[in-house]
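In case you want the letters, here they are:
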Amino acid sequence: MDVREKILWQIANTVMVNHQFIDTPDFCAEQAQAALFLFQVSLRLDADIYRDFALRNFERCVSRLSQMSQKVVGAGWPVCRILNEEWMSGNIDEILQDVDRKIIPALSRNFDFGDEVKGSFILPHFYLLERYRKDNNDGMARTDILQNLKKT
């Protein structure tokens, strides 16, 4: 085992041990991000224990997406990535409909680089790119978003 793999083991174990601190509805985004990381580690290290743990985090987060009001994109992007990588199966449109409903209207307006530059501007665009990565037609149908982004 090389040094990188040892470090991955240590980080993954730390995430699992400290998971209790993000195991609340308020931390759905963090659960999704931990799931994404653990799916990647499981694949790299060929360790099912990390995949099983990631699966529980993923399912817990997905069950809470409709109730989220904050950090929606922070949860939506890793959930979308997990589905696109096919680490989990499911109807991506059904799973992410609540995220889309909350994000797409914000992306469809003209952009102002005032407060949004501080962090909430770029993440929705990463979500949008990941969301329509496999379906170019639907993503390109969102010309209002693309036009507003070009104007900016």
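Scroll up for the structure.
What comes next concerns the included structure. (Residues numbered from 1 in each chain as written. Predicted model: local features only at pLDDT ≥ 70, side-chain atom pairs only at ≥ 80, totals over all residues. Heavy atoms only, no water.)

A short note on the pattern of salt bridges
Our working rule: The term salt bridge refers to a side-chain nitrogen of Lys or Arg lying within 4 Å of a carboxyl oxygen of Asp or Glu. Accessibility here uses a 1.4 Å probe with only protein chains present; expressed as a share of the type maximum, an area under 20% marks a residue as buried, one over 50% as exposed, and anything in between as partly exposed. Here a helix means four or more residues in a row that DSSP labels H or I, a strand means two or more in a row labelled E, and each is numbered from the N terminus.
Inspection of every chain in the model, using the stated rule, returns 6 salt bridges. In this structure, the salt-bridge partner of Glu 85 is Arg 81, at a minimum N-O distance of 3.2 Å. Note on Glu 85: relative accessible area 30%, which makes it partly exposed. On the basis of relative accessible area, Arg 81 is assigned to the partly exposed category, the value being 23%. With a shortest N-O distance of 3.2 Å, Arg 101 and Asp 98 are connected by a salt bridge. Of this pair, Arg 101 and Asp 98 both sit in helix H6 (residues 97-107), 3 residues apart, which is roughly one turn of the helix.

What about helix H4 (residues 72-84)?
Since the α-helix advances by 3.6 residues per turn, residues separated by three or four positions end up pointing in the same direction. Note the threshold: Multiplying one less than the number of residues by 1.5 Å gives the expected span of a helix.
Spanning 13 residues, H4 covers 18 Å between terminal C-alpha atoms, matching the ideal 18 Å at 1.5 Å per step. A large share of H4 lies buried, amounting to 11 of its 13 residues. Buried within H4 are the following residues: Val 72, Val 73, Gly 74, Ala 75, Gly 76, Pro 78, Val 79, Cys 80, Ile 82, Leu 83 and Asn 84. Glu 86 occupies a position one or two residues after H4 and carries a positive phi of about 65 degrees.

Side note on the packing of aromatic side chains
Going by this rule: The pairing test for Phe, Tyr and Trp rings, Trp by its six-membered ring, is centres within 6.5 Å, and the orientation test on the planes gives stacked under 30 degrees, edge-to-face over 60, and tilted for anything in between.
Summed over all chains, the structure comprises 2 aromatic pairs. Each ring, one from Phe 39 and one from Trp 87, has its centre 5.9 Å from the other, and the planes form 15 degrees; the classification is stacked. Placement of the pair is Phe 39 in helix H2 (residues 28-45) and Trp 87 in the loop between H4 and helix H5 (92-95), with a sequence separation of 48 residues. A residue is classified by how much of its surface remains accessible, and Phe 39, at 2% relative accessible area, is buried.

Structural notes on the nonpolar core
Threshold: To qualify as a nonpolar core, a set must consist of buried Ala, Val, Leu, Ile, Met, Phe, Trp, Tyr and Cys residues joined through side-chain atoms within 4.5 Å. We call two residues in contact whenever any of their non-hydrogen atoms come within 4.5 Å of each other.
By size, the foremost hydrophobic cluster in this structure holds 35 residues, and its most contacted members are Phe 39, Tyr 50, Phe 58, Leu 65, Val 79, Ile 82 and Leu 96. Listed by contribution, the elements that provide at least two residues to this core are helix H1 (3-17), H2, helix H3 (48-64), H4, H5 and H6. Of all the elements, H2 adds the most residues to this core, at 9 residues. Excluding residues that lie within four positions of it along the chain, Ile 82 makes contacts with Ala 32, Ala 35, Leu 36, Phe 39, Phe 58, Trp 87 and Met 88.

Re unusual backbone geometry
Of note in this structure, Asp 46 is not a glycine but carries a positive phi near 55 degrees. Within the secondary structure, Asp 46 sits in the loop between H2 and H3. The backbone of Glu 86 sits at a positive phi, close to 65 degrees, despite the residue not being glycine. In this structure, Glu 86 sits in the loop between H4 and H5.

Comments concerning H1
The criterion, for reference: Picture the helix axis, draw a direction to every C-beta atom, and the arc is the one those directions span.
The terminal C-alpha atoms of H1 lie 21 Å apart, and with 15 residues this matches the ideal 21 Å at 1.5 Å per residue to within 8%. Of all the residues in H1, the buried ones are Leu 8, Ala 12 and Met 16. Here the buried residues of H1 occupy an arc of 65 degrees about the axis, which is enough to place them on one side. Exposed and facing more than 90 degrees away from the buried side of H1 are Val 3, Gln 10 and Val 17. On its buried face, H1 is in contact with H2 and H3.

Some details on the packing of H2 against H4
The following threshold applies: For helices, the fitted axis covers only the stretch in contact; all axes are lines through C-alpha atoms, and the angles between them, taken along N-to-C directions, range from 0 to 180 degrees. Should an angle lie under 35 degrees it is considered roughly parallel, over 145 roughly antiparallel, and from 65 to 115 roughly perpendicular; all remaining angles are considered oblique. By the definition used in this description, the sense in which the near helix is turned from the far one sets the handedness, with an anticlockwise turn below a right angle giving left-handed and a clockwise turn giving right-handed. Only Asp, Glu, Lys and Arg are considered charged, only Ala, Val, Leu, Ile, Met, Phe, Trp, Tyr, Cys and Pro nonpolar, and every remaining residue, Gly among them, polar.
With their axes 7 Å apart at the nearest point, H2 and H4 run at an angle of 30 degrees to one another. Taken together, the axes of H2 and H4 are roughly parallel relative to one another. Handedness of the H2/H4 crossing: left-handed. Of the residues in H4, those touching H2 at Cys 28, Ala 29, Ala 32, Gln 33, Ala 35, Leu 36 and Phe 39 are Gly 74, Ala 75, Trp 77, Pro 78, Val 79, Arg 81 and Ile 82. Of the residues in the contact of H2 with H4, the class split is 11 nonpolar, 2 polar and 1 charged.

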